[in-house]
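Inside the fold
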Amino acid sequence: MTKPAVLEAIAVSHLFDVSRPFLQRMFTREPRRMLRAVDDVSFEIAPGTTFALVGESGCGKSTIARLAVGLYEPSDGDILFENQPLSSARAQPGLRRRMNMIFQDPYASLNPRWRVSDIVSEPIRAFKIATRPNEVHARVGTLLAQVGLTIRDGEKYPHEFSGGQRQRISIARALASEPDFLVCDEPTSALDVSVQAQILNLMRDLQKRLGLTYLFISHNLAVVRHMADRLGVMYLGRIVEQGPAEAIFRTPRHPYTRLLLDAIPDLEQVGRARTPVGGELPSPIAPPPGCAFHPRCPLANDRCRVEKPAHTMAGAVQVACHAVEEGRDG
Amino acid sequence: MLTRAWNSDLAYNFRTSPVALASAALALILLIAAAFAPWLAPHNPMDVASLSLMDSFKPPLGMADADWSNPLGTDNQGRDVLSAIMYGMRISLLVGFLSVLFAIVVGIAIGLVAGYAGGITDTLLMRVADVQLTFPSILTALLVDGVISAALPHTMREALQIYVIIFAIGISLWPNFARTVRGSTLVERNKDYVMAARVIGVPSWRIMLSHVLPNVIGPVMVIGTLGLGLAIIAEATLSFLGVGLPPTQPSLGTLIRFGDDFLFSGEWWVTVFPGLTLILMVLAINLLGDWLRDALNPRLR
Amino acid sequence: MALLDVVDLTVEFPTRRGVLRALDRVSFSIDAGEILGVVGESGAGKSLTGAAIVGLLERPGRVAGGQILFEGKRIDTLSAEPLRRIRGRRIGMIFQDPLTTLNPLYTIGRQLTETMQTHMRLSDSEARTKAIGWLDRVGIPAAAQRIDAYPHEFSGGQRQRVVIALALCADPVLVIADEPTTALDVSIQAQIITLLKDLTRDHGTAVMLITHDMGVIAETADRVAVMYAGRIAEIGPVAAVIRHPAHPYSDGLMASIPSLEHRVDRLRQIDGAMPRLDAIPNGCRFNPRCPRVFDRCTTEQPELLDAGATRAACWLHAHD
């Protein structure tokens, strides 16, 4: 063991109550209904690296993002930040200060009634990193410069900026608490590609310069490939494949990872014909029994339909698949 | 700053809307007449010494025996109707403003807490609001007014009556504000800027006040304006029924009640002019409120 | 003769701060059976182009200049009713959100049969048989039973399949698809793109495919038009535009897309952002962001010029 992990998730599950309102349930005698958004998820993130979670809608990746900064409490399992339970870490301002978050929607993540300088200085004031007005002002200037804006932009309101500039403001705010761990929930999926490149480059630069650790959530495999050191592929609340990003992209093992990689239209394959995998994403309220992917899986057999696969090592990669475990994946 | 306000979309919308301009002008005239009544009114209707029964029931201009010293005629005690209306509007507007203000403060507080806390707190507070909304608001105001007046000692009743009325009308209006604020709060509290504040551990009360409140205040202004019309009518109704303000502080409603006795004996002006003023005032306020609602609603633009 | 010929199409939005020109002399054509991709970033005018062609511009937008010729006849001057008949019968439409196309109160069968019967002479039973056939073709399982279901009973991907059936069922010669897969997950997106491509190829239908996703264009379209700030920056065969872009904007756009095949240390980025409509620079609209800008770019607006395999609106390709 070299350096300890910044964030560690141990068998974390999270359930949402999706029952009807109490009165309606009483009259129709319906039981409570729970949605298992995150199911037995474990991972750890080493300092200065990027761990990415990728998956389609409803796979639970955004729920993990919120669990990782303490916006939700896990229903089961533990999350450790710097080897301390997350809830006790968050109770100490000195530790809470060291984690922050960047959001997907650059329009909803900035309070439209606040000036940019007030938005960026909120963490500075909350953690009393600086208190004198000119000190705060100077820090805001440094932060805005760090993300490619100027101190004069601080006087403006969010609606005066483009989507990419707003995401820069969002990053400046996240850096204001001087964190070393950032949770990035789809930070570029609302942006146009040329702007996405700006933001991804900025995030990589900042990581190098400040030694940041990222938990990077995305549905875009190409973006994840560009950013991730390690990667987890999620399907209906579970991580089905996890390991070094390079290894997974070179030789994907889990049938779902292969499907995802095959489904992405690629610039380098002009006019290619392909046979997409059929089937729909099942509802997370009623996931299929056994391996949740079996209805769409070309390798599924009877065992897959009844028995949930365990996470097993296959080379450098951890895979939850009976076919891989039995060597049926060819 | 001023030029920015002048060029804003709202100001532009206002400048180009004839209804908004006309109703704002009318409201402004009435407001000035009420606010500066002691300087503008031809007589002081509160000054009993200056009243003379010789002057009673003088008709308004346009009728025989009318003169310019009492353009809208006089009542049974020789009080100038125009002056009485101007002083009466002061009371009506004062009660209206203060009771709406009270309702806004209570409504925002309850709406924010219910919407932000959610769960059982939300359910309890909103069921109370629902129950109250099943009664007409004037009934609630009557009930509250009756209970408090009965509880107060006789000697204090007259002096405190205006506060009792403000409280009663305010209480009857708060659910409208609470429900609107709660609805907007439910939307805002799930937005990422609130999440960002929660991640760094900003306390809930501060998130509610500094983040959520500025973003839910728009609709409150709309209902506040429309509520002002309602409150003025509520006060007039209570006064007309005789449970409102004491005769020493006559509001428009009180004036209408006094004049009502003479409606069929020929002295119609004593009640019709205060009534018209009430209608114009509420109409102007409601038109302004409607305009504000449409102007702030992006879907109607 | 091209199936659709758009010549100098100009669209304006009068606002109180002056007239905004959202499309400025956009010209392109689509041949029968061809798939033309239209890419660009949000606000470049690609959806507006599609809406203007079928007369569905949102007020106060208006066509302020140019011509739209469909099957050799001008359609931009038609009144609402004849245009409505062309829409649906000759030109089908697919939008990003299937729920804007499907009526939630009617079964999908009723919507399909009504569409067909509006444009073709069919008995009720014939229309129903055809409708089941279409649902089957777009890959709705158990089509004969599902025909009487309501839109909300289908998943997002299936709804978009139904919308495709609805757009194609009257045998149009052109389909305008505006971001048809943007709201869908990648695995479902692949299914829908393949379906759209196969069906239109089988029926010889031309497609104008509007999307911000260059990858979707790469594997679907024959030719591509790259739009920037209300103009076409470059137009040409897909392979040429992707591999040898002639316009510095298309070049930067291609380079800024992260690749699945290999990892680079830094993505090439285009600095700045697309100008807002009220702040369009003089000369070439791309000049403030262009790495190869020179004097002429800041004063004179370039038209589409021959640039090898493609045509690009860039002074680098002027040979006078």
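Preceding this paragraph is the structure being described.
For the structure given in this document, a descriptive report is provided here. Just so it is clear, the structure is predicted and the values come from calculations on it, not from any experiment. Numbers given for residues are sequential positions, taken from 1 along each chain in its written order. Written order decides the labels, with chains lettered from A and ligands numbered from 1. Local features in this predicted model are restricted to residues of pLDDT 70 or higher, and side-chain atom pairs are both shown and tallied only at a pLDDT of 80 or more, whereas totals for entire chains, interfaces and linings draw on every residue. Side-chain descriptors were evaluated using all non-hydrogen atoms of the structure, hydrogens and water having been removed beforehand.

Describing the overall build of chain A
In this text, helices come from DSSP runs of H or I with a minimum length of four residues, and strands from runs of E with a minimum of two, each type numbered from the N-terminal end. Within chain A, the regular secondary structure consists of 13 helices and 12 strands. Scaling as 2.2 N^0.38, a compact globule of 330 residues should have a C-alpha radius of gyration of about 20 Å, and chain A matches this with 21 Å. Reported as C-alpha extents along the three principal axes, the dimensions of chain A are approximately 70 × 60 × 45 Å. Throughout this description, buried means an accessible area under 20% of the type-specific maximum (1.4 Å probe, protein chains only), exposed means over 50%, and partly exposed covers the range between. Out of the 330 residues belonging to chain A, those deemed buried represent 55%. In this treatment the radius of gyration is a C-alpha quantity, and the globule benchmark scales as 2.2 Å times the residue count to the 0.38 power.

Comments concerning the pairing of strand β1 (residues 7-17) of chain A
All names here are of chain A. At least two bridges found by DSSP between two strands are what make those strands a pair. The sheet contact formed by β1 and strand β4 (residues 76-81) spans 5 bridges and is antiparallel. The residue bridging A9 from the neighbouring strand is I79, located in β4. Of the strand pairs in this sheet, β1 and strand β2 (residues 34-45) are connected by 8 bridges, and their pairing is antiparallel. In the sheet register, A9 faces β2, and the bridge partner there is F43.

Quick look at the sheet that holds strand β2 (residues 18-30) of chain C
Residue and element names in this part refer to chain C. Spatial ordering of the open sheet is given by β2-β1-β4-β5, a layout of 4 strands whose pairing is antiparallel. For this open sheet the edge positions go to β2 and β5 (73-74), each flanked by a neighbour on one side alone. As judged from the 7 bridges shared by strand β1 (residues 4-15) and strand β4 (residues 62-70), these two strands associate in the antiparallel manner. Across the sheet, residue T10 finds its bridge partner in β4, namely G65. Relative to β1, helix α1 (residues 46-53) is tilted by about 105 degrees, and along the sheet it contacts β1, β2 and β4. Whether two residues are in contact is decided by their heavy atoms: any pair within 4.5 Å suffices. Inter-axis angles, ranging from 0 to 180 degrees, are taken between N-to-C directions of lines fitted to C-alpha atoms, where helices are fitted over the stretch in contact.

Things to note about the packing of helix α6 (residues 119-134) of chain B against helix α8 (residues 154-189) of chain B
Residues and elements named next belong to chain B. Contact geometry for α6 and α8: axes closest at 9 Å, N-to-C directions at 135 degrees. Our classification of the angle between α6 and α8 gives oblique. The hand of the α6/α8 crossing is left-handed. Here D122, L125, M126, V128, A129, D130, Q132 and L133 of α6 lie close against α8, whose contacting residues are I171, S172, W174, P175, N176, A178, R179 and R182. An angle below 35 degrees is read as roughly parallel, one above 145 as roughly antiparallel, one from 65 to 115 as roughly perpendicular, and any other as oblique. Handedness of a crossing follows from how the near helix is turned relative to the far one, being left-handed for an anticlockwise turn of less than a right angle and right-handed for a clockwise one.

Observations regarding unusual backbone geometry
Leaving glycine aside, a negative phi is the common case for residues, and trans is the common case for peptide bonds. In the segment running from R59(C) into P60(C), the intervening peptide bond is cis, with an omega of 5 degrees. Within the chain, K128(A) stands out as a residue other than glycine whose phi angle is a positive 50 degrees. Examined against the element boundaries, K128(A) turns out to sit in the loop between α5 (116-126) and α6 (133-146). Looking at K128(A), the relative accessible area reads 62%, which means it is exposed. Not every positive phi belongs to a glycine, and D8(C) is a case in point at roughly 50 degrees.

Examining the environment of L83(C)
Residue and element names in this part refer to chain C. One can find L83 in helix α2 (residues 80-89). Judged by relative accessible area, which is 9%, L83 ranks as buried. The spatial distance from the C-alpha of L83 to the C-alpha of V54 is 7.3 Å, given a sequence separation of 29 residues. Once you skip the residues sitting within four places of it in the chain, L83 turns out to touch V54, G55, I75 and L78.

Regarding helix α9 (residues 192-199) of chain B
Residues and elements named next belong to chain B. Among the 8 residues of α9, 7 are classified as buried, and the element is accordingly described as predominantly covered. Listed in full, the buried residues belonging to α9 are D192, Y193, V194, M195, A196, A197 and V199. Looking one or two residues beyond α9, the residue adopting positive phi is G201, at roughly 85 degrees.

Quick word on the side chain of S184(B)
All names here are of chain B. Take S184: it is sitting in helix α8. Exposure remark for S184: the relative accessible area of 18% places this residue in the buried category. Ignoring any residue separated from it by four or fewer positions in sequence, one finds S184 in contact with V216 and P219.

Points about the interface of chain C and chain A
Opposite the 45 residues of chain C that make contact, chain A presents 47 residues. Buried area is calculated as the accessible area (1.4 Å probe) missing from two parts once they are joined, with the contributions of both summed. Its largest share of buried area at the contact with chain A, chain C owes to E219(C), L260(C) and R263(C), together 20% of the area lost on that side. Salt bridges are counted wherever a side-chain nitrogen of Lys or Arg sits within 4 Å of a carboxyl oxygen of Asp or Glu. In this structure, the connection of chain C to chain A is made through 3 salt bridges.

Digging into helix α11 (residues 252-260) of chain B
Along α11(B), the residues classified as buried are L252(B), G253(B), T254(B), L255(B), I256(B) and G259(B). Where α11(B) is buried, its residues meet α5 (81-117), α10 (204-241) and α12 (269-296) of chain B.

Observations concerning the environment of L71(A)
Mapping L71(A) onto the fold places it in the loop between α2 (61-68) and β4. Taking the C-alpha atoms as reference, L71(A) lies 11 Å from L86(A); in sequence the two are 15 residues apart. In contact with L71(A), other than residues within four places in its own chain, are R66(A), M101(A), M195(B), R198(B) and V199(B).

Side note on the pairing of strand β7 (residues 174-178) of chain C
All names here are of chain C. Burial runs high along β7: 5 of the 5 residues are buried. Residues of β7 alternate between two faces, with L174, I176 and D178 on one and V175 and A177 on the opposite face, all of them buried. With 4 bridges connecting them, strand β6 (residues 91-94) and β7 associate as parallel partners. Across the sheet, the residue bridging to G92 is V175, located in β7. Across 5 bridges, the pairing between β7 and strand β8 (residues 206-210) is parallel. Across the sheet, the residue bridging to D178 is I210, located in β8. A crossover counts as right-handed when, viewed with the strands pointing away from the observer, the path leading from the first strand over the helix to the second turns clockwise. Read from β7 through helix α7 (residues 186-203) to β8, the crossover connection turns out right-handed.

A closer look at the sheet that holds β7(C)
Residues and elements named next belong to chain C. If you trace the 8 strands from one edge of the open sheet to the other, you get β6-β7-β8-β3-β9-β10-β12-β11, paired in mixed fashion. At either end of the open sheet lies a strand with only one pairing partner, and these are β6 and β11 (305-307). Averaged over neighbouring strand pairs, the angle between their axes works out to 20 degrees when direction is ignored. Relative to strand β12 (residues 310-312), strand β10 (residues 231-237) is paired through 2 bridges, and the arrangement is antiparallel. Counterpart to E234 in the pairing with β12 is A312. Of the strands in this sheet, β6 and β7 touch helix α6 (residues 156-168), which is tilted by about 170 degrees from β6.

Structural notes on the pattern of salt bridges
Two side chains of opposite charge can pair, provided their charged atoms sit close to one another. Per the stated rule, a full pass over the model turns up 46 salt bridges over all chains. In this structure, E307(A) engages R303(A) in a salt bridge whose closest nitrogen and oxygen atoms are separated by 3.1 Å. The partly exposed category is assigned to R303(A), whose relative accessible area is 27%. Residue R90(C) is joined to E71(C) by a salt bridge in which the shortest nitrogen-to-oxygen separation is 2.5 Å. Placement of R90(C) in the loop between α2 and β6 and of E71(C) in the loop between β4 and β5 is noted, with a sequence separation of 19 residues between them.

A short note on the packing of aromatic side chains
Stacked, tilted and edge-to-face are the three classes assigned to paired rings of Phe, Tyr and Trp, where Trp is represented by its six-membered ring and a pair needs centres within 6.5 Å; plane angles under 30 degrees give stacked, over 60 edge-to-face, the rest tilted. As enumerated under the stated definition, the model contains 14 aromatic pairs over all chains in all. An aromatic cluster is present here, built from Y235(A), Y256(A) and F293(A) joined pairwise through their rings. In this structure, R137(C) is placed above the aromatic ring of W134(C), and the distance from its NZ or CZ to the ring centre is 4.4 Å. Should the NZ of a Lys or the CZ of an Arg lie within 6 Å of a ring centre and within 35 degrees of the ring normal, that charge is described as sitting over the ring. Looking at R146(C), its charged tip hangs above the ring of F154(C), at a distance of 4.3 Å from the centre.

Remarks on the side chain of H294(A)
With respect to the helices and strands, the residue H294(A) is situated in the loop between α11 (255-263) and α12 (302-306). If sequence neighbours within four positions are ignored, H294(A) has contacts with P288(A), P289(A), A300(A), C304(A) and R305(A).

Brief notes about the nonpolar core
Within the largest apolar cluster, 134 residues are counted, with the highest numbers of intra-cluster contacts made by I171(A) and L231(A). Here this core gets 16 residues from one element, more than from any other, and that element is α5(B). Beyond its immediate sequence surroundings of up to four residues, L231(A) is in contact with F51(A), A52(A), V54(A), V224(A), E241(A), Q242(A), G243(A), A245(A), I248(A) and F249(A). Think of a nonpolar core as a cluster: buried Ala, Val, Leu, Ile, Met, Phe, Trp, Tyr and Cys residues, connected wherever their side-chain atoms sit within 4.5 Å. Grouped together as the second largest cluster of nonpolar side chains are 96 residues, A52(C), I53(C), L184(C) and V226(C) included.

Considering the state of the cysteines
Two cysteine sulfur atoms form a disulfide, by the criterion used here, when they sit within 2.5 Å. A full pass over the atoms with the stated rule returns 0 disulfides over all chains. The thiol sulfur of C297(A) is not disulfide-bonded, and the nearest other cysteine sulfur, from C321(A), lies at 5.9 Å. We classify C297(A) as buried; its relative accessible area is 16%. C284(C) takes part in no disulfide bond, and the closest cysteine sulfur to it belongs to C297(C), at a distance of 6.1 Å. Residue class for C284(C) comes out buried when judged on its relative accessible area of 12%.

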